Amino acid sequence: MNIKKYFFIPLAFSGLLFAGCESSKTVEGSVSLIPEVKSVEFGRGTLPLTSLQGIKCDAEWNDIVGNFIVDLSGVTGIRLNKVDISSADIVIVKDADLSGEAYSLLIENDGIKINSGTDEGVSRALSTLLQIILTAENGNLSSLYISDEPRFGYRGLMIDCSRHFWTVDELKESIRHMAFFKLNTLHLHLTDNNAWRMAMDKYPELTEKGTYYKDYPELSGKYYTKVDLKEIVRYAALYGIEVIPEVDLPGHATALLAALPHLSCNGGHFEAYPEEMPLSSRKRGNENMICVGNKASYKFAEDVVNELVDIFPSKYIHLGGDEVPTGVWQKCSKCMALYKAEGMKSAGELQDYFTHKMREIVSAKGKTMLGWDEINDRHAATPDDVLAIWRNDGISQQKEALERNIPVIMCPQHGCYMDWGYAGNSVRKSYEWDPVLPEVTKEKESLILGGQGALWTERVATQSRLEWMLYPRMSALAEVLWSPKEKRNWDSFYTRITSYYPLMEKLGINFYEDDALNEKEFAPTGEKPALVRAATVETNIPLNNPYYPEYAFDGRNNSFFWGGSTIGKGHHFTVVMTEQVLVNEIEVITGDSKDYITKADLMVSADGKKFEKVGTFDEYGQSKVKIGGKSVKAVKIEVTGQHTCWPIIKEIILK
Ligand code: ACM
Ligand code: ZN
C-alpha cells in the first residue's frame, strides 16, 4: 500500500468524486451500519479482507488498538499485527481538525485510513470498522469514505447493580456491546434499598451489612472493591466509554441504613433485602431515607463523594434524588428543627436543602452534580447541575428544566426504560422517540445533552436476561442518539437490525426477536377492538384504562391488555366463546419482562362452567400447551400467586 496516497485522497471527497477522474458520477454502493453514519460515499474497487495484516497508530493509542486487535480476532479470526507504517494495511492518523468523537474512515483497494483527534474518535472509528468487516460481502470491503460524528455527546446506558449484582466480567461484556453500537456512557446505579455495592475505605460496614441477607446466603456478600471499579473504568476507557457512578441519596437507602442506622431519622434496626424476598417480609420499606436534619448525613455524603472521585474520573457524580417521600422527615425532630430554622413552607423543601448541600460537596471536587428529575420539582436544580429526566414521557420536566437553562439527559420511562416489556416499550417505539421533545426552540436545544436507556433489574437476574431486555432496543436508541435526525428511517433500521441478528449472535449478545418488531407502537384508541373469534372476555383484574381486556384476543401480538393493579390468587382472565371450537394448541403470551404473569394455571372448559387445568406459565410469562383436539368453550388464566407487577396479556392464541 502506498501510504502517502492517503494524505491527499480525502481531498477528493470535498467534491462529488471518489471514483477518481474516470467518471463524473458518484459511485453507488451500500454499507450496513448501526448507528447510521453521518455521511458515506463510495469509490470504485474493493479491498479483500485477506489483505488485512497490519495496523499502525500513534503510540498514545497502543492500548485501544491492542484491545481492538484482540476483539477482532475473537469475533472474526482476523489476526492483525501491530506494525510500523511502511507495512500497515490500516493506518490511524492523528488529525487536529477532528474533535470529540468525530472521525473519518477511508477504504481503498490497497488499505484503510482512519483519521481522529481523540481516543474516543479512534474507538468510534474502530466500531465502524468492526461492523464493516463483519458485514463484508464475499470477503471484500467496498471502497468508501465515511465522515462521522454524533448528534448527541451523551449516549448512555444505566445498569442497576443494586437489585441484582453484575460481576466485573459481566459489566465488561456489556461495555463491549455498548461500544459496538457507539454508546459512550455507562451509568452504574450502585446503591439502593437492596444493596450497597461499592466498598468504601471509611465505612467497611456499608458492604458488610448492606449486602447481607440472613435468609439468602447465596445472594449475600456481592459487591465491588475499589480495584474492581477501577478495572471497570480502565476497561471502559479502552472503548471510549465513561463510567458514571450513582449513589442514590437521600432516599432508596435501606441498605445504607442497615449499616449506619444512626443516619436514619429514628434509629433502630434496618435490613437490606434481596429482590427475591417477598414484599411482606421486607422491613421498614417506607423509611428508606437518611435524615436530612442530621449534620452527620452531610459528613457521610462528603466522605462518599471523596471516595467516588478517587475511583471515577467522570465529569459527573450522580447523587440520585428520586422518589423521596417526606413522611418520616415530618415526624423527625431533627428534620423539623431544620424546617423551622430555614423557614420552609413545604416538606419537599427538605429535599431541596439536601440537593443544595450535595451540589456544594460535588462542585468542591470540580465535578458536576447529576440527579434524577425530582431534584427540580421545586426548582432546586441550577444550570450548574444536570438532570436525568425519567418520569413518564419527560415532557413537562424537560420544559421546566430548559426554561431555567438546566442541561438534561433524557431517559423517560416511555422509550428509554429497558426494564419495561417489549409490549410497553417496543423497539420501534424507542426508535421513533426523540430526546428533543416538541416545542424545543433552537437556542435551547444544546441543553439536551443526549439520552440513555435505563435497565432496572428487579426482575432481571442473569446476564443473558439483561442482554435480552437491552437488545435490540439499545441498538435503536443508539441510532437515535448518534445519527443525524434526518437520516433516521424505521424501514432502513428494520432491514439493518434484522440482518444484524447473526452478527449479534457472533458477538455473544442475547437479544429479543420480537414477532411484532415491525408494528407501529401500540396506542390504544379508547375503542374496544374486534375480537379474533366470536366471544366475550371477562376478568376481575382492574383495568389500566384504556388497555381493554379485548386487546388480548384481537389476533394482534403488539396490542395488549394491561391490568391496573398488582394481581394475586383469585384473579382470573377468561375468554368465553359463543360456540365451542376445536383446539389443538393454546399459546398465551403475557407481558415479556416486568409485567408478565408467571404464577397462574391455564384452564379450559367445554361448557364455560367446569374448568380443567391444562398448563402453567413459565418464568417469562408464556404458556404453550398442546391439548390434542379438545372442544373448548372457554379458556381461563387463573392466577395462583401474588405478582408485584401490573400484568400485561398480549394475546391468547387458539390453534
Ligand atoms: C427511577 O426510576 N426511580 C429513577
Ligand atoms: Zn430526620
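To keep things clear, this report deals only with the structure shown in the data block. Keep in mind the model is a prediction, meaning the values are calculated, not measured. (Residues numbered from 1 in each chain as written. Chains lettered and ligands numbered in written order. Predicted model: local features only at pLDDT ≥ 70, side-chain atom pairs only at ≥ 80, totals over all residues. Heavy atoms only, no water.)

## Things to note about the overall build of the chain
Each helix and strand in the chain was counted, giving 18 helices and 22 strands. For a compact globule of 655 residues, the expected C-alpha radius of gyration is about 26 Å, and the chain comes in at 27 Å, within 12% of that figure. A principal-axis box enclosing the C-alpha atoms of the chain has dimensions of 80 × 75 × 50 Å. A separation of at least 24 residues holds for 73% of the contacts in the chain among residues at least 6 apart in sequence. Counting only carbon and sulfur atoms, one obtains 50% of the accessible surface of the chain, whose full area is about 25800 Å². (Helix = DSSP H or I, 4+ residues; strand = E, 2+ residues; numbered from the N terminus. Rg over C-alpha atoms; globule rule 2.2 N^0.38 Å. Contact = heavy atoms within 4.5 Å. Areas by Shrake-Rupley, 256 points an atom, 1.4 Å probe, with all protein chains shown as cover.)

## Side note on the nonpolar core
Formed by 177 residues in total, the largest nonpolar core has its most connected members in Leu105, Trp196, Tyr224 and Leu256. Beyond its immediate sequence surroundings of up to four residues, Leu105 is in contact with Ile112, Lys113, Ile114, Ala125, Thr128, Leu129, Ile132, Leu144, Tyr145 and Ile146. With 28 residues, the next largest nonpolar core counts Ala552, Val581, Val588 and Val639 among its residues. (Core = buried A, V, L, I, M, F, W, Y, C linked by side-chain atoms within 4.5 Å. Buried < 20%, exposed > 50% of the residue type's maximum accessible area, 1.4 Å probe, protein only.)

## Focus on the coordination of the zinc ion (ligand 2)
With distances of 2.2 to 2.3 Å, the protein atoms coordinating the zinc ion (ligand 2) are Cys265 (SG), Cys291 (SG), Cys332 (SG) and Cys335 (SG). Because the angles between the four donor atoms bound to the zinc ion (ligand 2) fall within 104 to 114°, the donor set is best described as tetrahedral. Donor residues for the zinc ion (ligand 2), ordered by position in the chain, follow C-x25-C-x40-C-x2-C. Taken as a pair, Cys265 in the loop between α7 (254–259) and α8 (295–311) and Cys332 in the loop between α9 (327–330) and α10 (333–341) lie far apart in primary sequence, 67 residues in all. (Donors = N, O, S within 2.8 Å, 3.2 Å for Na, K, Ca; no water. Tetrahedral: all angles 85-135°; square planar, octahedral: opposite > 155°, others 65-115°.)

## Concerning the sheet that holds strand β6 (residues 111–116)
The strand order across the open sheet built from seven strands is β1-β7-β5-β6-β4-β2-β3, with neighbouring strands paired in mixed fashion. With one partner strand each, in any of the chains shown, β1 (39–48) and β3 (81–82) form the two edges of the open sheet. Where strand β5 (residues 103–108) lies against strand β7 (residues 140–148), five bridges are found, and the strand directions are antiparallel. Considered in β7, the bridge of Tyr103 is made with Asp148. Sheet strands in contact with helix α3 (residues 119–134) are β4 (90–94), β5, β6 and β7, and its direction is about 35° off that of β5. (Pairing = 2+ DSSP bridges. Axes fitted to C-alpha atoms, helices over the stretch in contact; angles between N-to-C directions.)

## With respect to the side chain of Gln452
With respect to the secondary-structure elements, Gln452 resides in strand β15 (residues 448–455). Residue class for Gln452 comes out buried when judged on its relative accessible area of 1%. At 2.8 Å, the side chain of Gln452 and the side chain of Tyr154 are in polar contact. A distance of 2.9 Å separates polar atoms of two side chains, one belonging to Gln452 and the other to His187. (Polar contact = N/O pair within 3.5 Å; in protein donor to acceptor, adjacent residues only side chain to side chain.)

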